[in-house]
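# Coordinates in review
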Amino acid sequence: MRRIPLKIIFPVLLLVLLNSSIFGQQKSIYKYKVIVDLGSDYTDPLFTNFTLIDYIKERMSQRLPEFGYTDFEDANVVLKLTLLTQTGSDINNNYASALNLLITSPFHNPLNWNVLLIESKEEFAKARIRDLIDRWVLEYSAFIYKSTK
């Protein structure tokens, strides 16, 4: 039986170790482009465009810390949240909010969630919307982790 010289074994072993350490530390390929659509005039009685975008980014970074955000066209996952709140004191429940979360990606089937929330007070309406966004982000982050493994 022929013996393999140490000069060949050492570089091959070094390449294998280097390759595994480089690719073992790679981050996810997914980047998120967060689009928040609050209606045609980009305003909502409960949230401003700025605060809702920041809230979603904060929750996403807590749930998916290794994932990044981009404002450029190179995003391969798009999260689009539509929030439309109707207010009126002529009915018992002053805040009726319709929410839709649409997530599209070439790596996953599209996810589309809709909900209608009806509350009598502004603070209750805001709290329920935040809770719903938290739940959606948690469900989607679990879905992403499951899909990428």
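Scroll up a little and you will see the structure.
Summary of the structure given here. (Residues numbered from 1 in each chain as written. Predicted model: local features only at pLDDT ≥ 70, side-chain atom pairs only at ≥ 80, totals over all residues. Heavy atoms only, no water.)

## Here we look at the sheet that holds strand E2 (residues 68-69)
We count it as follows: A pair of strands is labelled paired if DSSP reports no fewer than 2 bridges between them. Each helix is a run of DSSP H or I of at least 4 residues and each strand a run of E of at least 2, with the numbering of both proceeding from the N terminus. Note on definitions: a residue-residue contact is assigned when non-hydrogen atoms from the two residues lie within 4.5 Å. A fitted line through C-alpha atoms serves as each axis, taken over the contacting stretch for helices, and the angle formed by two N-to-C directions is quoted from 0 to 180°.
Taken in spatial order, the five strands line up as E2-E1-E3-E4-E5 in an open sheet, and their pairing is mixed. Across the chains shown, the open sheet's two edge strands, defined by having one partner strand only, are E2 and strand E5 (108-119). Relative to E5, strand E4 (residues 95-105) runs antiparallel, the two being bridged by ten bridges. Paired with serine 105 across the two strands is histidine 108, which belongs to E5. Lying over the sheet, helix H2 (residues 49-63) contacts strand E1 (31-37), E2 and strand E3 (77-87), oriented at roughly 150° with respect to E1.

## Regarding the nonpolar core
Where we set the bar: Residues enter a nonpolar core if they are buried and are Ala, Val, Leu, Ile, Met, Phe, Trp, Tyr or Cys, with the set joined through side-chain atoms within 4.5 Å. Using a 1.4 Å probe on the protein chains alone, a residue whose accessible area is under 20% of its type maximum counts as buried, one over 50% counts as exposed, and one in between counts as partly exposed.
If you look at the biggest cluster of nonpolar residues, it comprises 30 residues, and the most contacted ones within it are Tyr32, Leu52, Ile56, Leu81, Leu99, Ile129 and Ile133. If you list the elements that add at least two residues to this core, you get E1, H2, E3, E4, E5 and helix H3 (122-148). Among the elements that line this core, the one with the most residues is H3, at eight residues.

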